[in-house]
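Report on the structure
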Amino acid sequence: MGRLTGAHLDRLIASLPLWKRTTVRGCDAVTREFRFADFSAAWGFMARVALAAEAANHHPEWSNVYNRVSVTLTTHDVGGLSDRDGALARCIDSCAAEGGAAGGAAGGAAGGAAGGAA
């Protein structure tokens, strides 16, 4: 596992169209905001993601306010984005679709009505 750069980084970003590229403490990262019907649905989503993240030993930075969950991914060990972030982002997208994120898999994309990153 290494930090993605150049064409490899560009391919990762292109493969995550619902995620927004950003930086966290000077490191490349991706972020996305999700909206759910209510707090319980948001919390259920977070529980599913937590189990997957723990199994992968790769954990998101996130916050929750009522029905919104903001997620940011970066690989701190390598100082930027890695393939692990892409895999976890795709898993998170699946969990969001299962959990009824607003608009299904495309719902809650960063920069939508809620805007912003974590």
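Being a predicted model, the structure only gives us computed values, none of them experimental. (Residues numbered from 1 in each chain as written. Predicted model: local features only at pLDDT ≥ 70, side-chain atom pairs only at ≥ 80, totals over all residues. Heavy atoms only, no water.)

**Here's the deal with the overall build of the protein chain**
Helices and strands together make up the secondary structure of the protein chain, namely three helices and four strands. Along the protein chain, helices and strands appear, N-terminal first, in the series α-β-β-α-β-β-α. If you take every contact in the protein chain between residues at least 6 apart in sequence, the share linking residues at least 24 apart comes to 68%. (Helix = DSSP H or I, 4+ residues; strand = E, 2+ residues; numbered from the N terminus. Contact = heavy atoms within 4.5 Å.)

**Regarding helix H3 (residues 83-98)**
Helix length check: H3, at 16 residues, gives a terminal C-alpha distance of 23 Å against a target of 22 Å (1.5 Å per residue), a fit within 8%. Burial in H3 covers these residues: Asp85, Gly86, Leu88, Ala89, Ile92, Asp93, Cys95 and Ala96. On its buried side, H3 packs onto helix H1 (6-14), strand S2 (27-35), helix H2 (39-56) and strand S4 (68-73). Immediately downstream of H3, the backbone of glycine 100 shows phi near 80 degrees, a positive value. (Expected span 1.5 Å × (residues − 1). Buried < 20%, exposed > 50% of the residue type's maximum accessible area, 1.4 Å probe, protein only.)

**Some thoughts on the nonpolar core**
Ranked by size, the top nonpolar core spans 23 residues in total, and within it Trp19, Phe34, Phe45, Leu73 and Ile92 carry the most contacts. Not counting residues within four places of it along the chain, the set of residues in contact with leucine 73 comprises Trp19, Ala29, Val30, Pro60, Leu81, Asp85, Leu88, Ala89 and Ile92. (Core = buried A, V, L, I, M, F, W, Y, C linked by side-chain atoms within 4.5 Å.)

**Remarks on the environment of histidine 8**
Tracing the backbone through its elements, the reader meets histidine 8 in helix H1. With 75 residues separating them in the primary sequence, histidine 8 and aspartate 83 have C-alpha atoms 9.2 Å apart. Within the structure, histidine 8 has its side chain in polar contact with the side chain of arginine 11 (distance 2.9 Å). (Polar contact = N/O pair within 3.5 Å; in protein donor to acceptor, adjacent residues only side chain to side chain.)

**Points about the packing of aromatic side chains**
Taken as a whole and judged by the stated rule, the model has four aromatic pairs. Ring centres of phenylalanine 36 and phenylalanine 45 lie 4.9 Å apart, and the angle between their planes is 35 degrees; on these two criteria the pair is classed as tilted. Exposure remark for phenylalanine 36: the relative accessible area of 4% places this residue in the buried category. Judged by relative accessible area, which is 0%, phenylalanine 45 ranks as buried. Plain terms: the ring middles of phenylalanine 39 and tryptophan 43 are 5.7 Å apart, the flat faces sit at 35 degrees to each other, and that makes the pair tilted. (Phe/Tyr/Trp six-rings, centres within 6.5 Å; stacked < 30°, edge-to-face > 60°.)

**Some thoughts on the pairing of S4**
The buried fraction of S4 is high, at five of six residues. Where S2 meets S4, six bridges bridge the pair, whose relative direction is antiparallel. Paired with threonine 31 across the bridge in S4 is threonine 72. Sheet topology places strand S3 (residues 61-65) next to S4; five bridges connect them, and they run antiparallel. Looking at the pairing, serine 63 lines up with serine 70 of S4. Counting the residues that bridge the hairpin from S3 to S4 gives two residues, and of these tyrosine 66 lies at a positive phi of roughly 50 degrees. (Pairing = 2+ DSSP bridges.)

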